Amino acid sequence: MSKISAAITAVGAYVPDYVLTNQILETMVDTNDEWITSRTGIKERRILKDVGKGTSFLAIKAAQDLINKTGINPKDIDLVIVATATPDMKAAATAVFTATSIGAKNAFAFDLEAACSSFLYGMSVAARYIESGKYKKVLLIGADKNSSMINYEDRATCIIFGDGAGAVLFEPNTDNLGLQDEYLRSDGAGREFLQATYGGSSFPITPEAVADGRHYVFQDGKTVFKNAVSRMADAAVEILDRNNLTKQDVSWLVAHQANKRIVDATASRMDLDPNKVMMNIQRYGNTTSATLPLLLSDYESLLKKGDNLIFAAFGGGFTWGSIYLKWAYNSKN
Ligand code: UT7
């Protein structure tokens, strides 16, 4: 029997309607379009404004987009993973509510949290279930409502983050397409540089913490930036080297969109032609777990069967890594 590999066979996406532009941010904090554009590459981001709607709202919309595009029966889905750093609630997984809402009655579901690397790690997990031969359809959704934990008076974070979701379907492949190799790492020493301190089990939320804004995300941007640049690039280069891939072999770099300068630095270390680098940070900012599937959705029409995609991500924790995946289909668009 031929070896089973885990291929992405469909993509869906959703971003909320409200557009928070750099010009609007200029009226909220001491910043300006020129600084944000030159330091991050971001022009605007989407925000889910509706009261009472959480990450599951975004995840459900992205999954429904995928289901509508492919016509798959949700009852055939075996597993739903929601990769997210902003679950709807502390207890009761976002993935379970999402799975039920899309009609995935026969699926089991769970959340996966690894900050901005959640979706990358999720690809690894989804692939293992498929490769086991036991599961045929695994829906991996990356979704984050970052606006729920951002202080819109803190210019170090509010200019970067946005809300959104993307979904991919993993299915078995026997033509050696799909996930080929992965290099995933983590380092808890990074925790102090990017965290939302209050609201978890170490420091439950208190009125004082809320008054001080210690439930919001805090980051030491410079330290995170330095680590992101070196570790994401190291991981991507490691994946190239150990798979004997030259820069000509790479069709696309699919890199986490935290800062355009981080993506450019990774591409430059790989010596890649800039037109092989997927980029949409200008429109969405950093959507945490959603950046990679949103890139796939935006570039889906350009992807061809057999294309070599190198994924790379870096996030809080720290968490990071790179994945080599062969694209499995030609777009119908
Ligand atoms: O997804 C993983 C998580 N996050 C990341 O990967 C983010 C990584 N970090 C970054 O992207 C960057 O560090 C930031 C975009 C957050 C900041 O850019 P930077 O180039 O590292 O700026 P900085 O913090 O070193 O600040 C440079 C200057 C400072 O002014 P002075 O001291 O030189 O006078 C800041 O006060 O820019 C100032 N500044 C701003 N000015 C206008 C910082 N933030 C802003 C702002 N608007 N929003």
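Note that the structure is predicted; figures quoted are calculated from it, not measured.

Next up on the list: the overall build of the chain. Across its full length, the chain carries 11 helices and 13 strands. Rg of the C-alpha trace for the chain: 19 Å, near the compact-globule value of 20 Å for 333 residues, within the 12% margin. Projected onto its principal axes, the C-alpha coordinates of the chain cover approximately 60 × 45 × 40 Å. For the chain, with 333 residues in total, the buried portion stands at 55%. Taking the intrachain contacts of the chain between residues at least 6 apart in sequence as the baseline, contacts between residues at least 24 apart amount to 76%.

Turning next to the site of the ligand. Thr 31, Arg 39, Arg 155, Lys 222 and Asn 259 are the nearest of the 23 residues found near the ligand. The contact in question runs from an oxygen atom of the ligand to an N or O atom on the side chain of Lys 222, over 2.5 Å. The protein chains hide 72% of the 950 Å² of surface that the ligand would expose on its own. For the shell around the ligand, the elements supplying multiple residues, two or more each, are α2 (33–40), α6 (155–158), α8 (221–242) and α9 (260–269). It is α8 that contributes the most residues to the shell around the ligand, 4 residues altogether. Each residue belonging to the shell around the ligand can be placed in one class, and the counts come to 11 nonpolar, 7 polar and 5 charged. No fewer than three residues from each of domain 1 (5–175) and domain 2 (179–326) sit in the shell around the ligand.

With that out of the way, let us pick up the state of the cysteines. In total, this model carries 0 disulfides according to the counting rule given. The thiol sulfur of Cys 158 is not disulfide-bonded, and the nearest other cysteine sulfur, from Cys 116, lies at 16 Å. Its relative accessible area of 0% is what places Cys 158 among the buried residues.

Attention now moves to the packing of α8 against α9. Contact geometry of α8 with α9 gives a least axis separation of 9 Å together with a crossing angle of 35°. Crossing of α8 over α9 shows right-handed handedness. Each of Phe 225, Ala 228, Val 229, Ser 230, Met 232, Ala 233, Asp 234, Ala 236 and Val 237 in α8 lies in contact with α9, whose residues at this interface are Arg 261, Ile 262, Ala 265, Thr 266 and Arg 269. In terms of residue class, the contact of α8 with α9 is built from 9 nonpolar, 2 polar and 3 charged.

Definitions and cut-offs
Residues numbered from 1 in each chain as written. Predicted model: local features only at pLDDT ≥ 70, side-chain atom pairs only at ≥ 80, totals over all residues. Heavy atoms only, no water. Helix = DSSP H or I, 4+ residues; strand = E, 2+ residues; numbered from the N terminus. Rg over C-alpha atoms; globule rule 2.2 N^0.38 Å. Buried < 20%, exposed > 50% of the residue type's maximum accessible area, 1.4 Å probe, protein only. Contact = heavy atoms within 4.5 Å. Near = heavy atom within 4 Å. Polar contact = N/O pair within 3.5 Å; in protein donor to acceptor, adjacent residues only side chain to side chain. Areas by Shrake-Rupley, 256 points an atom, 1.4 Å probe, with all protein chains shown as cover. Nonpolar A, V, L, I, M, F, W, Y, C, P; charged D, E, K, R; others polar. Domains from an automatic or database assignment. Disulfide = S-S within 2.5 Å. Axes fitted to C-alpha atoms, helices over the stretch in contact; angles between N-to-C directions. Left-handed = near helix turned anticlockwise from the far one by under 90°.

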